[in-house]
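Structural features, examined
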Amino acid sequence: NLPWAEPYKVKMVEEIFRSTREQREQWIEEEGYNLFNLASDRVFIDLLTDSGTGAMSDKQWAEMMMGDESYAGSQSYLKLREVVRHTLGFPYFLPTHQGRAAENVLFSILVKEDNIVPGNTHFDTTKGHIEFRKAHAVDCTIEEAFDINDLHPFKGNIDLAKLEDIYKSHPKEQIPFCMITVTCNSSGGQPVSMENIKAVKALSDKYDIPVFIDAARFAENAYFIKEREEAYRDYSIKEIVKEMFSYSDGFTMSAKKDGLVNIGGLLGLRDEQLYRKCGNMGIIYEGFITYGGLAGRDLAALAQGLMESTELPYLKARIDQVEYLGKKLLEYGIPVQQPIGGHAVFVDALNFLPNVPRAEYPAQTLAIELYKEAGVRGVEVGTLLADRDPETRQDRFPKLELLRLAIPRRTYSYKHLDYVAAALKNIFDRREEIRSGLEIVWESDILRHFTILLKKK
Ligand code: F0G
């Protein structure tokens, strides 16, 4: 009964910089209270995203050196093809420069005006790509997901009744596919059970509708299946991964998460015809089908990354860090989404800052407070991210207003997480005094949160 410890040690370190509260107050005002605008040396601990921010292994760096930069038929592509075939179980795939590029390639073929794409809460780029084509993303997540204190083990699950309603009320020609996002980022990094994936596939088969997986965090989802779904306790992660994907017709993947690389994406397909059509789109938008906007070395590092992220000891270390931060915040009485998600801790800003009106963006207000307090950068997953309704142009208030603290993979120490927790506790202790939020000065028509400019209300 020895304690558990990480299955790796550190070979290289990167300096990070502390600043003073006065500096941060000035910087963030200059940057329109948008944390995306900050230069990284003005951030001490960066929990903006777990996307492309992780540490690669020595083996991945070795693969980088051996990357084959041939325009066509690169050896690195062939290596990646082996992994996509044998670990993920897909005969066809296209590399893309990141996840949203895979969405773009696939949706260019499949999504038409007025189409309906049901799923569990679609990620913002996925929804953006759907709405950009004048189609609609319909959220069919189970209701439990919207109660942050509900301990349902699979809050990413799709509500089969909601899904069937969609299938019954629209002709199948209007529904190009159903999208299952694993884990479900927008509802808190919450997993989807194998039982649910299987049931969604069975229901969709009944209505002759394809199922695609948004696989950004597929390995983390597999870990939760192993931990929480009795029938899979004795399965290896690789067996679970293969079974999860077996219930889908294809997947889009941002490889910047569970691919353990800094850039890259994949589109996996079973149907040869669809692969050929998508291949043409890939060539237009991304590059030739054997590199898709990536260098050969990126493909090689990704092949190795997918092998590493589907190992249990790695996943245990990964998920444990996230859980550690979440539990620390709970100890301090801070309201967070429970159970703790796979890649991030989501703080409930409506309960944290009860005196900030909804129209003044409480989650963004909390994100700014945390930056000013300690130089920690999180990200708003609330009204700014939810964007305006494409028809009415009014703010869409999502069910939850969250501050996401995403933990990069293999990057920060437990001490860093203690620091983050202490900073949030300081704010929590004076939460009653925070009574006003922010207002918009400028915003773009789509995906406004990236570039928005705000001022203090
Ligand atoms: N799908 C999910 C579930 C995601 O979380 C992301 C990206 C994408 C698709 C798009 O992938 O960035 O490679 O184009 N999520 C990042 C995040 C940006 O911070 O959660 P991409």
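Residues numbered from 1 in each chain as written. Predicted model: local features only at pLDDT ≥ 70, side-chain atom pairs only at ≥ 80, totals over all residues.

An unreviewed UniProt entry lists the protein chain under the name Tryptophanase, from Sphingobacterium humi. Under the heading Cofactor (unreviewed entry), UniProt records this for the protein chain: "pyridoxal 5'-phosphate". Among the UniProt annotations of the protein chain, the heading Sequence similarities (unreviewed entry) holds the following wording: "Belongs to the beta-eliminating lyase family." (UniProt positions renumbered as here; feature names shortened; annotations may be inferred.)

Our next topic: the site of the ligand. With respect to spatial proximity, 15 residues lie near the ligand, and among them Thr49, Gln98, Gly99, Arg100 and Ser254 are the closest. At the level of elements, helix H4 (99-110) and helix H5 (124-132) are the ones that each hand at least two residues to the shell around the ligand. For the shell around the ligand, a count of residues per class yields two nonpolar, ten polar and three charged. (Near = placed C-beta within 6 Å. Helix = DSSP H or I, 4+ residues; strand = E, 2+ residues; numbered from the N terminus. Nonpolar A, V, L, I, M, F, W, Y, C, P; charged D, E, K, R; others polar.)

Attention now moves to the nonpolar core. Core analysis: the largest hydrophobic core is formed by 123 residues, its most contacted members being Ile180, Val345, Val347 and Val420. Looking at this core, the element that brings in the most residues is helix H14 (residues 362-374), giving seven residues. Here Val345 is in contact with Val322, Leu325, Gly326, Leu329, Val336, Ile340 and Leu405, once residues within four sequence places are set aside. (Core = buried A, V, L, I, M, F, W, Y, C linked by C-beta atoms within 7 Å. Buried ≥ 20, exposed ≤ 12 C-beta atoms within 10 Å, placed from the backbone. Contact = placed C-beta atoms within 7 Å.)

Among the structural elements, Gln26 can be located in helix H1 (residues 21-30). Owing to 12 C-beta atoms within 10 Å, Gln26 belongs among the exposed residues under this scheme. Between the C-alpha atom of Gln26 and that of Lys372, which follows or precedes it by 346 residues, the distance is 9.3 Å.

Pairing between the strands of a sheet is mediated by backbone hydrogen bonds and can be parallel or antiparallel. If you trace the three strands from one edge of the open sheet to the other, you get E9-E12-E11, paired in antiparallel fashion. Sheet topology places strand E9 (344-348) and strand E11 (379-381) at the edges, where each strand pairs with a single neighbour. Averaged over all pairs of adjacent strands, the angle between their axes in this sheet comes to 35°, without regard to strand direction. One ladder, built from five bridges, connects E9 with strand E12 (residues 402-406); its direction is antiparallel. The residue bridging Val347 from the neighbouring strand is Leu403, located in E12. On the sheet, H14 packs against E9, E11 and E12 and is oriented at approximately 165° with respect to E11. (Pairing = 2+ DSSP bridges. Axes fitted to C-alpha atoms, helices over the stretch in contact; angles between N-to-C directions.)

On the UniProt side, "domain: Aromatic amino acid beta-eliminating lyase/threonine aldolase" (unreviewed entry) is annotated at positions that read residues 46-422 here. What you have in residues 46-422 is 44% helix and 12% strand, and the ends, taken at the C-alpha atoms, are 15 Å apart.

Partitioning the protein chain into domains gives domain 1 (21-50 + 312-456) and domain 2 (58-309). Here domain 1 and domain 2 have C-alpha centroids that lie 26 Å from each other. Contributions of two or more residues to the side of domain 1 that touches domain 2 are made by helix H12 (312-331) and E9. It is H12 that provides the largest number of residues to the side of domain 1 that touches domain 2, a total of four residues. Of the residues assigned to the side of domain 1 that touches domain 2, the class counts are 14 nonpolar, five polar and four charged. (Domains from an automatic or database assignment.)

Bringing the pairing of E12 into the picture now. Counted residue by residue, E12 has five buried out of five residues, so it is predominantly covered. The two faces of E12 match: Leu402, Arg404 and Ala406 on one face and Leu403 and Leu405 on the other face are all buried. Here three bridges tie E11 to E12, and the two strands are oriented antiparallel to one another. For Val379, the partnering residue across the bridge sits in E12 and is Arg404.

This part is about the UniProt feature "modified residue: N6-(pyridoxal phosphate)lysine" (unreviewed entry) in the protein chain. The feature "modified residue: N6-(pyridoxal phosphate)lysine" (unreviewed entry), as annotated in UniProt, sits at Lys257 in this numbering. Inspection of the secondary structure puts Lys257 in the loop between strand E7 (250-254) and strand E8 (265-269). Taking the C-beta count within 10 Å as the criterion, Lys257 has 30 such neighbours and is therefore assigned buried. Those residues in contact with Lys257 that sit more than four places away from it in its chain are Asp50, Ser51, Ala216, Arg217 and His343.

So, on to unusual backbone geometry. Here the residue pair Val182 and Thr183 is connected by a cis peptide bond, since its omega of -25° sits within 30 degrees of zero. Tracing the backbone shows Thr183 in the loop between strand E5 (178-181) and helix H7 (194-206). In this structure, Leu260 is a non-glycine residue whose phi angle is positive, near 55°. Inspection of the secondary structure assignment puts Leu260 in the loop between E7 and E8. For Leu260, a count of 27 C-beta atoms within 10 Å puts it in the buried group. Here Tyr361, not a glycine, exhibits a phi torsion of approximately 55°, which is positive. With respect to the helices and strands, the residue Tyr361 is situated in the loop between helix H13 (349-352) and H14. Using a count of 27 C-beta atoms within 10 Å as the deciding quantity, one classes Tyr361 as buried.

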